[in-house]
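The primary structure of each chain is shown beneath.
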Amino acid sequence: MKYGFIKVASAIPAVKVGDVIFNTQQIEEQIALAEGKGVEIITFPELSVTGYSCQDLFRQQMLLESSEQAVMMLLDFTRKLDVISIVGAPVIAGDLLLNCGIVIQHGQILGIVPKTYLPNYSEFYEKRWFASAQDLRDCEVRYAGHKVKLTPDVQIFQTFDGVQFGVEICEDVWAPAPPSNKLALAGADLIFNLSASDELIGKHHYLKSLLSQQSARTMTGYIYSSCGFGESTQDVVYGGNALIYENGVLLSQSERFSIEPQMVISQIDVEKLRSERRTNSTYVNAQRNIKYSVLGGQFNIRNIEADPTENERDFVLEREVNPHPFIPTSSDMNASCEEIFNIQLMGLAKRIVHTHAKTVVIGISGGLDSTLALLVCVKAFDKLKMNRKGIVGVTMPGFGTTDRTYNNAISLMQSLGITIKEISIAKAVTQHFENIGQDASVHDVTYENSQARERTQILMDLANKMGGMVIGTGDLSELALGWATYNGDHMSMYGVNASIPKTLIRHLVNHVAESGVDEQSRITLRDIIDTPISPELIPADENGNIKQKTEDLVGPYELHDFFLYYFLRFGFRPSKIYMLAKKAFIDSELERVKISDNDPDSYDEETIKKWLKTFVRRFFNQQFKRSCLPDGPKVGSVSLSPRGDWRMPSDAASAIWLQEAENL
């Protein structure tokens, strides 16, 4: 395991019912293939050694003894292989016959897990042949040349790298309280399910929903293998399902109804799963029941450690990494965007009603952030059945305002039918420069911030005068980088964009442009999307174009949003974020979403490294601005609100993070 990833596989071998020699050979072929691909754990279907549909043949001593001999063949075959294999076979324990998963590595049986819940309804009648783990008492059996302890207890297996996993079998996951609940709460990062689920109309969709929910509920990687072509079709058909989930997300799946053997492989991020568990207090609290049960003697947890692997392999990330983790991946993008807008507008609507505000005041610059905030205001006023004239859009041209942004601001306010006010800040800021002794020809931080604070003062005082409140326009990306003037655009009475990153803002504005406004507004919105991002605090160039481009100064927001997501959401270290970023932006086969002409075509390793260091430095240095943010609605899984998701001392040192970033 490196960077927290473990490679797992779910296999569907060819099978002949009752032909244990053929079945074992097929299993061996797929184990060898998995070993060659660097798989660390592979699972096979339920009763894969014999075939699931043997029916009363399971009462034949010949079949039972032959399957045990077949497992001995597998042990001999795997003697020099590092991969951990989980196969299904019937196992005799005294007077009981158990449907088991057998965990094998380096020619040794690490453990045998009996099935707990036996289906005995409709087309299933397993109780005719098998006993449940609930019928089992602790015992030691001699099986395939090994002394093995059989127990109904929770059994946790552990790889040499410390990844913990458990096994459940088919119907177990369909039970109201699956064994995987206890396995996960006892520490299992991964759950392997050996299954033999037949195909019925609609069942496949339900199965995938069930596995996704169980993976999400237990915060595990869930690896599922169900038998396919070759099983008896006397009364039912087995289509073959190999599915791999990570915390509810489907990573890989096989083709159903294939007549060829299949194997799906994926890398599961165990480090991410553990981060999710540590963060989720509900999960931590649920673990108490497991601990108390152990202490109370209700059941035991048996830990089994695998051998160290002999062959070290170079790590290659084989999963695709989404370069835009904040942008919804739902098949219905419009529905996702509408949901986000509804969260924003409902937050604002409640604040308007609660404060009895007659108006809302918002600075309109012709940029993305103020545009989204204005669109939210319009939607909120429409929802409350208030006249849009109660929205006061204020354009405040200054030393760096260009014709393009000014004209877009005026055009958008006109087409949306709000109240327009224009207040130039040039004269007031010039007077302020005289008062504090600032040379107006020196375009330093004082020159820039004086303009931002003057604009905020105008908005605040105007809101007081008109019985309204100032709507903040700053976004999540700016808050992360501290790209806001303290007590300037940093401050408002309600910040509707506070948890919306810059990359998502573009998509939200584009969504409205394509589906929710008149033609004139659409044209304006499209030009706003294509306008370079800028605070416009430095005079334009000789051609009147924007000279001060934010992304030239602090880096591409596309990269910073990627860094922010993995830094905050999962607490990843710089080296892992860098590795993921290289996969997402350099090596990925996924097509990057580009909706603006300003989006760069590509990045190289040095560019990613440069801006990652900038992100780390600015994120730590600018925390003081996030410590006193105005209210605003949380929209996604990442927020920097000091009252919600992120509490950090303003004087925290960034040394260890920066050192690792420097050494990349």
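Just so it is clear, the structure is predicted and the values come from calculations on it, not from any experiment.

1. Some remarks on the sheet that holds strand β20 (residues 494–495)
Move 1: Strand order in this open sheet of five strands is β18-β17-β16-β19-β20, and the pairing throughout is parallel. Both edges of this open sheet fall to β18 (419–422) and β20, since each of them pairs with a single strand only.
Move 2: Pairing geometry for strand β17 (residues 391–395) and β18, over four bridges, is parallel. The partner of Thr395 across the bridge, within β18, is Glu422.
Move 3: Across the sheet, helix α7 (residues 333–355) lies against β16 (359–363), β19 (468–472) and β20, angled at about 160 degrees from β19, the strand it touches most.

2. What about helix α11 (residues 445–466)?
Move 1: Under the 1.5 Å per step criterion, the end-to-end length of α11 is 32 Å for 22 residues, consistent within 8% with the ideal 32 Å.
Move 2: In this structure Asp444 caps α11, since a side-chain oxygen of it lies 3.3 Å from the backbone nitrogen of Thr446.
Move 3: Of the residues trailing α11, Gly467 is marked for its positive phi of about 65 degrees.

3. Considering unusual backbone geometry
Move 1: A positive phi is found at Gln55, a non-glycine position, where the angle reads about 55 degrees.
Move 2: Structurally, the position occupied by Gln55 is in the loop between β2 (41–43) and α2 (61–77).
Move 3: The class of Gln55 is partly exposed, set by a relative accessible area of 25%.

4. Topic: the pattern of salt bridges
Move 1: Inspection of the entire model under this criterion finds 27 salt bridges.
Move 2: Residues Lys7 and Glu318 are paired through a salt bridge, measuring 2.5 Å at the closest nitrogen-oxygen approach. Of this pair, Lys7 sits in strand β1 (residues 5–12) while Glu318 sits in the loop between β15 (301–305) and α7, and the two are 311 residues apart along the sequence.
Move 3: Across the salt bridge formed by Arg404 and Asp527, the nearest N and O atoms sit 3.0 Å from each other.

5. Brief notes about the pairing of strand β13 (residues 249–253)
Looking down a regular strand, the side chains alternate between one sheet face and the other.
Move 1: In the sheet, strand β12 (residues 241–246) pairs with β13 via four bridges, with the strands oriented antiparallel. Bridging from a neighbouring strand, Leu243 pairs with Gln253 of β13.

6. Things to note about the environment of Leu81
Move 1: Along the chain, Leu81 falls in the loop between α2 and β3 (84–93).
Move 2: Remark: the alpha-carbon pair of Leu81 and Thr550, spanning 469 residues in sequence, is separated by 54 Å.
Move 3: When near neighbours in sequence (up to four residues on either side) are disregarded, Leu81 contacts Ile31, Glu35, Gln105 and His106.

7. Remarks on empty space enclosed by the protein
Move 1: Taken as a whole and assessed by the stated rule, the structure comprises three cavities of 30 Å³ or more.
Move 2: Estimated volume of the second largest cavity: approximately 50 Å³.
Move 3: If you go around the second largest cavity, the residues you meet are Ile12, Pro13, Val15, Pro45, Glu46, Leu47, Ser48, Gly51, Cys227, Gly228 and Glu231.
Move 4: Tallied by class, residues from the lining of the second largest cavity come to six nonpolar, three polar and two charged.

8. Comments concerning the state of the cysteines
Move 1: Following the criterion strictly, the structure yields zero disulfides and no others.
Move 2: Counting only cysteine sulfurs, Cys139 is the nearest neighbor of Cys100, a cysteine outside any disulfide, at a range of 10.0 Å.
Move 3: Here Cys100 falls in the buried class, since its relative accessible area comes to 1%.
Move 4: On the accessibility criterion, Cys139 (26% relative accessible area) is partly exposed.

9. Concerning the nonpolar core
Move 1: Leu348, Leu374, Phe563 and Phe619 are the most contacted members of the largest nonpolar core, which totals 82 residues.
Move 2: For this core, the element with the most residues is helix α8 (residues 368–383), which contributes 10 residues.
Move 3: In this structure, Leu374 is in contact with Ile362, Ile364, Ile391, Leu412, Met413, Leu416 and Ile418, ignoring residues within four places of it in sequence.
Move 4: Counting residues in each nonpolar core, the second largest holds 49 residues, with Phe44, Leu74, Val91 and Leu97 among its members.

10. Notes on the sheet that holds β2
Move 1: Here six strands make up an open sheet; going across it, the order is β5-β4-β3-β2-β1-β14 and the pairing mixed. For this open sheet the edge positions go to β5 (108–114) and β14 (262–269), each flanked by a neighbour on one side alone. Geometrically, the sheet is characterised by an average inter-axis angle of 30 degrees between neighbouring strands, direction not taken into account.
Move 2: Note that β1 and β14 share eight bridges and pair antiparallel. Across the sheet, the residue bridging to Ile12 is Gln262, located in β14.

11. Thoughts on the side chain of Asp369
Move 1: One can find Asp369 in helix α8.
Move 2: Of the residues examined, Asp369 reaches a relative accessible area of 8% and is grouped as buried.

12. Details of the confidence of the model for the chain
Move 1: Model confidence for the chain is summarised by a mean pLDDT of 93, while 96% of its residues fall at 70 or above.
Move 2: In the model, residues 294–298 has pLDDT below 50 throughout and makes three contacts with residues more than four positions away in sequence or in other chains.

13. A look at the environment of Ser258
Move 1: Tracing the backbone shows Ser258 in the loop between β13 and β14.
Move 2: Counting along the chain gives 19 residues from Ser258 to Gly239, while the straight-line C-alpha distance between them is 7.2 Å.
Move 3: Within the local environment of Ser258, its side chain forms a polar contact with the backbone nitrogen of Glu260, the two atoms lying 3.1 Å apart.

14. A word on the packing of helix α1 (residues 20–36) against α2
Move 1: The contact between α1 and α2 brings their axes to 10 Å, and the two run at 25 degrees. Judged on the interaxial angle alone, α2 and α1 are roughly parallel. As α1 packs across α2, the resulting crossing turns out to be right-handed. Judged by residue contacts, Val20, Ile21, Thr24, Ile27, Glu28, Ile31 and Ala32 of α1 engage Leu63, Ser66, Ser67, Ala70, Met73, Leu74 and Phe77 from α2.
Move 2: Here the residues of the contact of α1 with α2 sort into 10 nonpolar, three polar and one charged.

About the thresholds
- Residues numbered from 1 in each chain as written.
- Predicted model: local features only at pLDDT ≥ 70, side-chain atom pairs only at ≥ 80, totals over all residues.
- Heavy atoms only, no water.
- Pairing = 2+ DSSP bridges.
- Helix = DSSP H or I, 4+ residues; strand = E, 2+ residues; numbered from the N terminus.
- Contact = heavy atoms within 4.5 Å.
- Axes fitted to C-alpha atoms, helices over the stretch in contact; angles between N-to-C directions.
- Expected span 1.5 Å × (residues − 1).
- Polar contact = N/O pair within 3.5 Å; in protein donor to acceptor, adjacent residues only side chain to side chain.
- Buried < 20%, exposed > 50% of the residue type's maximum accessible area, 1.4 Å probe, protein only.
- Salt bridge = Lys/Arg side-chain N within 4 Å of Asp/Glu carboxyl O.
- 1 Å grid on protein atoms, 1.4 Å probe; cavity = no way out; pocket = protein on both sides within 12 Å on 5 of 7 lines; lining within 4 Å.
- Points joined across faces, edges and corners; volume = space filled by probe spheres on them.
- Nonpolar A, V, L, I, M, F, W, Y, C, P; charged D, E, K, R; others polar.
- Disulfide = S-S within 2.5 Å.
- Core = buried A, V, L, I, M, F, W, Y, C linked by side-chain atoms within 4.5 Å.
- pLDDT = per-residue confidence, 0-100.
- Parallel < 35°, antiparallel > 145°, perpendicular 65-115°, else oblique.
- Left-handed = near helix turned anticlockwise from the far one by under 90°.

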